[in-house]
Amino acid sequence: MATLTRVKVLNPANPNKSTAIFGGKASGILNWNDLSHPHFYTIRQRIRSLFWTANEVDMTQDVKQFPNLSKAEQEAFLKIIGLLATLDGPQTVIAMKIVDFTTDPSVKSIMATIADQESEHNHSYAYVLSSVTTLDKQMDSFEMGRSDEVLMKRNERIVDIYNEFAENPTVETVLKAMVYTTLLEGLFFYSGFAFFYNLARHQKMVGTSTMISYINRDELQHGKAISDIFRAALAENPKYNTEEFTDWIYDQFRHSVEQEIIWSRYVLGEIVGIDLEEMAGYVKYRANKMLRMLGLSEIYPEFTDNPMKWIRAYVDNFDDTKTDFFEQTSRQYVKTSNLNGFDDL
Ligand code: ZN
Ligand code: ZN
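A brief structural summary.

Criteria and cut-off values
Residues numbered from 1 in each chain as written. Chains lettered and ligands numbered in written order. Predicted model: local features only at pLDDT ≥ 70, side-chain atom pairs only at ≥ 80, totals over all residues. Heavy atoms only, no water. Phe/Tyr/Trp six-rings, centres within 6.5 Å; stacked < 30°, edge-to-face > 60°. Helix = DSSP H or I, 4+ residues; strand = E, 2+ residues; numbered from the N terminus. Buried < 20%, exposed > 50% of the residue type's maximum accessible area, 1.4 Å probe, protein only. Lys NZ or Arg CZ within 6 Å of the ring centre and 35° of its normal. 1 Å grid on protein atoms, 1.4 Å probe; cavity = no way out; pocket = protein on both sides within 12 Å on 5 of 7 lines; lining within 4 Å. Points joined across faces, edges and corners; volume = space filled by probe spheres on them. Nonpolar A, V, L, I, M, F, W, Y, C, P; charged D, E, K, R; others polar. Expected span 1.5 Å × (residues − 1). Bend = angle between axes of the 7 residues up to and from the residue. Contact = heavy atoms within 4.5 Å. Donors = N, O, S within 2.8 Å, 3.2 Å for Na, K, Ca; no water. Tetrahedral: all angles 85-135°; square planar, octahedral: opposite > 155°, others 65-115°. Core = buried A, V, L, I, M, F, W, Y, C linked by side-chain atoms within 4.5 Å.

## Section: the packing of aromatic side chains
Right, so step 1: Under the definition given, this model contains 15 aromatic pairs.
Right, so step 2: Geometrically, the ring pair formed by Tyr 197 and Tyr 314 is stacked, given 5.2 Å between the ring centres and 20 degrees between the ring planes. Separated by 117 residues along the polypeptide, Tyr 197 in helix 8 (residues 190-201) and Tyr 314 in helix 12 (residues 312-315) bring together distant segments of the chain. Like Tyr 314, Tyr 197 is buried.
Right, so step 3: Ring pairing ties together the aromatic residues Phe 66, Phe 77, Phe 195 and Phe 196, which thus form one cluster.
Right, so step 4: Here Lys 176 stacks its cationic end above the ring of Trp 248, 4.8 Å away from the centre of that ring.
Right, so step 5: Looking at Arg 286, its charged tip hangs above the ring of Tyr 190, at a distance of 4.4 Å from the centre.

Here is the structure:
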């Protein structure tokens, strides 16, 4: 299989309009009005419209509330932040790796914007933890991706697929990496998100949940962007559009759903207000959604609707109305800086 080569920065002998997303020719000059996939312009605009920074979110109430959470809630809080940080760190890097190998400058630009947002997501976890807990506990949380066996088992295939693309960049390995990127953006984060929304609906840690809702909104747009780029790349490389590859994708989705359910039982078992059966249904519902975005069929026909009814107020309206629960009720979102000294570090 042909190895993809790292693209030159500028190559004036090539046309401005790229000839392919991977393995094509392009000068490196990007004209948004002359794209081989014109709808990529809209994708980038949607992502850019979501700009926010972690330290705009007021954590004052969260700082006071955290010590009053139940032991189980505090533990889950730290574990889930650990999980989210383990997933969002590599998201920055995988976006930049795709930048290195795509021969479509509009895809480079979209992935650069995604990489920037992922890096802010990662920063926001440190911001939240530094507000509510000690440095020791913060460190433990960020160590989880290297020490917690359930988490490591859950992430095994992501690690393999991402590293395979890094070590052996080909059309096949980048397509597989993009399948995992849509799984991350559209499925792996969501039991974690649900935990924070459940706290918010009990009027707890609303600052953190506001931030999570911004991350959630970004991830939905990223998932849409990556799956659109995936479909376009697959259409350009029909020899990979095989039954075998489709089966591989379905298998990864089934496996990921299983792992997500195991994880949610491990981390949310003691949490009041979360029904684990409903959670499992929500994960399957998310899997169906992401499969549809990739142009495939749903594999959980009994979960075409979101079974976790209460969460709809927090997430389901992102796509349509551009408002969300937190902004509608104009809660804790106030611009402040240096609120908890984090920016002095
Ligand atoms: Zn992210
Ligand atoms: Zn993302």
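## A short note on empty space enclosed by the protein
Right, so step 1: Per the counting criterion, the structure on display carries 4 cavities of 30 Å³ or more.
Right, so step 2: By volume, the second largest cavity is sized at about 40 Å³.
Right, so step 3: Forming the walls of the second largest cavity are Asn 16, Lys 17, Ser 18, Ile 29, Leu 30, Asn 31, Asp 34, Leu 35, Ser 36, Asp 104, Pro 105 and Ser 106.
Right, so step 4: The class makeup of the residues in the lining of the second largest cavity is 4 nonpolar, 5 polar and 3 charged.

## Comments concerning helix 6 (residues 149-167)
Right, so step 1: A rise of 1.5 Å per residue sets the reference length of helix 6, with its 19 residues, at 27 Å; its end C-alpha atoms lie 25 Å apart and thus fit the reference within 8%.
Right, so step 2: Taking the largest bend as the criterion, helix 6 deviates by roughly 45 degrees, centred on Asn 155.
Right, so step 3: Every buried residue belonging to helix 6 is among Leu 151, Arg 154, Asn 155, Ile 158, Ile 161, Tyr 162 and Phe 165, and all of these are buried.
Right, so step 4: The inward-facing, buried residues of helix 6 abut helix 3 (71-101), helix 5 (135-147), helix 7 (171-188) and helix 10 (243-268).

## Thoughts on the coordination of the zinc ion (ligand 1)
Right, so step 1: Protein ligation of the zinc ion (ligand 1) involves Asp 88 (OD), Glu 118 (OE), His 121 (ND1) and Glu 219 (OE), the donor distances falling in the range 1.9 to 2.1 Å.
Right, so step 2: Taken together, the 4 donor atoms surrounding the zinc ion (ligand 1) define angles of 83 to 133 degrees at the centre, an arrangement classified as irregular.
Right, so step 3: Mapped onto the sequence, the residues coordinating the zinc ion (ligand 1) show the spacing D-x29-E-x2-H-x97-E.
Right, so step 4: Here the zinc ion (ligand 1) and the zinc ion (ligand 2) are spaced 3.6 Å apart, linked through Glu 118, which binds each one.

## Digging into the nonpolar core
Right, so step 1: Ranked by size, the top nonpolar core spans 107 residues in total, and within it Phe 77, Ile 249 and Phe 253 carry the most contacts.
Right, so step 2: Of all the elements, helix 3 adds the most residues to this core, at 13 residues.
Right, so step 3: Setting aside anything within four residues of it in sequence, one finds Phe 77 in contact with Phe 66, Leu 69, Val 128, Leu 129, Val 132, Phe 195, Phe 196, Leu 199, Met 205 and Thr 208.

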